[in-house]
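Here is what each chain is made of, one letter per residue.
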Amino acid sequence: FPSHDKAQEGYIYDYDLEAAAPTLLLQRARLMGLNKPTPVMDYYLANKTVVRNLIAEECGISYQQAKLVITSILQGGVLSAYSDNKTYRDVLNRNSIATRALQNNDIITSLRGEVGMIWRTLTRDIPREMITTKTGRQQRSRITAKQKSEIYRQEEQRVMKEIKRWIKKKEPMARVMTEHDGWRSDTMMDVIDIIDHVRRTTGYVIKIEWNKISP
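Please read all numbers here as calculations on a predicted model, not as lab measurements.

Draft legend 1. Highlighting the pattern of salt bridges. Taken as a whole and assessed by the stated rule, the structure comprises 11 salt bridges. The salt bridge involving Asp 193 is made with Lys 170; its shortest N-O contact spans 2.7 Å. In this pair, Asp 193 is assigned in helix α10 (residues 191-202) and Lys 170 in helix α9 (residues 145-170), connecting sequence segments 23 residues apart. Counted as one network, the salt bridges with shared partners bring together Arg 28, Glu 155 and Arg 158.

Draft legend 2. Spatial organisation of the packing of aromatic side chains. In this structure the tally under the stated criterion is three aromatic pairs. Both rings, one in Tyr 15 and one in Trp 183, keep their centres 4.7 Å apart while their planes meet at 10°; by these two values the pair is stacked. With Tyr 15 in strand β1 (residues 13-17) and Trp 183 in strand β5 (residues 182-185), this pair connects stretches of sequence that are 168 residues apart. Taken as a pair, Tyr 15 and Trp 183 share a single burial class, namely buried. Accessibility expressed as a relative area gives 0% for Tyr 15, which makes it buried. Taken together through their ring pairs, the aromatic side chains of Tyr 13, Tyr 15, Trp 183 and Trp 210 make up a single cluster.

Draft legend 3. View of the pairing of β1. Within β1, four of the five residues are buried, which leaves it mostly tucked inside the rest of the structure. As paired strands, β1 and strand β6 (residues 208-212) are joined by five bridges and run antiparallel to one another. Along β6, the bridge assignment pairs Asp 14 with Asn 211.

Draft legend 4. Quick look at empty space enclosed by the protein. What the rule picks out here adds up to one cavity of 30 Å³ or more. Size it by volume and the largest cavity reaches roughly 50 Å³. Looking at the largest cavity, the residues that line it are Pro 22, Leu 25, Met 41, Leu 74, Val 115, Ile 118, Trp 119 and Leu 122.

Draft legend 5. Quick look at the sheet that holds β1. One open sheet accounts for four strands, arranged β4-β5-β1-β6; its pairing is antiparallel. Each of the sheet's edge strands pairs with one partner strand only, and the pair in question is β4 (176-179) and β6. With strand direction ignored, the average angle separating the axes of adjacent strands in the sheet is 15°. Its contacts with the sheet put α10 on β1, β5 and β6, and the angle it makes with β6 is roughly 155°.

Draft legend 6. Focus on the pairing of β5. Neither face of β5 is open: one carries Gly 182 and Arg 184, the other Trp 183 and Ser 185, and all of them are buried. Two elements, β1 and β5, share four bridges in a ladder whose sense is antiparallel. Considered in β5, the bridge of Tyr 13 is made with Ser 185. Pairing of β4 with β5, which is carried by four bridges, proceeds in the antiparallel orientation. The partner of Glu 179 across the bridge, within β5, is Gly 182. Taking the residues that link successive antiparallel strands as the turn, the β4-β5 hairpin has two residues.

Draft legend 7. Broad picture of the packing of helix α3 (residues 39-46) against helix α4 (residues 48-59). Following both chains from N to C, one finds α3 and α4 inclined at 110°, their axes separated by 5 Å at the closest point. Between α3 and α4, the interaxial angle falls into the category roughly perpendicular. Here Tyr 43, Tyr 44, Leu 45 and Ala 46 of α3 come into contact with α4, specifically with Lys 48, Val 50, Val 51 and Arg 52. Tallied by class, residues from the contact of α3 with α4 come to six nonpolar, no polar and two charged.

Cut-off values and rules
Residues numbered from 1 in each chain as written. Predicted model: local features only at pLDDT ≥ 70, side-chain atom pairs only at ≥ 80, totals over all residues. Heavy atoms only, no water. Salt bridge = Lys/Arg side-chain N within 4 Å of Asp/Glu carboxyl O. Helix = DSSP H or I, 4+ residues; strand = E, 2+ residues; numbered from the N terminus. Phe/Tyr/Trp six-rings, centres within 6.5 Å; stacked < 30°, edge-to-face > 60°. Buried < 20%, exposed > 50% of the residue type's maximum accessible area, 1.4 Å probe, protein only. Pairing = 2+ DSSP bridges. 1 Å grid on protein atoms, 1.4 Å probe; cavity = no way out; pocket = protein on both sides within 12 Å on 5 of 7 lines; lining within 4 Å. Points joined across faces, edges and corners; volume = space filled by probe spheres on them. Axes fitted to C-alpha atoms, helices over the stretch in contact; angles between N-to-C directions. Contact = heavy atoms within 4.5 Å. Parallel < 35°, antiparallel > 145°, perpendicular 65-115°, else oblique. Nonpolar A, V, L, I, M, F, W, Y, C, P; charged D, E, K, R; others polar.

Structure below.
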């Protein structure tokens, strides 16, 4: 919904979980036993704008395209110049030069390796069917994008449930409108206390971005 319209209705405070998906997925993998270092992911989470700008500049794409490419990688997407590849088609507008530049980019390569490691940890307990390849070899089926998004959705809902619980207890008079990874309110809230509550109840260390919207 448009920010201005909701601000006119009194929802002038806008709160969002910062980098919700990669933050929760990495921490979930850590809780499940991932103990290998993820320096590129850690740096990205602390310096998102810097990394996006650097990739955009090195690969000849826009900042927004770099942001969407990274999001796709974090969700387990594949970078390919194949015509039906979603990122190639919808984000890069079938720009094969930019796609090759991204495939050969050091940051992207390292990030893909770390993301693969994270997803192998997150999906290790998901039962998978045995399938027969075209060459007749038996192998386990791949985890689908839908299954991956469901893992994230569950963790996001856990965090948002605790945030709603905090609001109900600490700001019972506030008018609130929740979104999937954030909320709007007519009341300014104690973000530090919310972060502390989420850490105590879920184990997740989150960051919350907020701003006040003029009506």
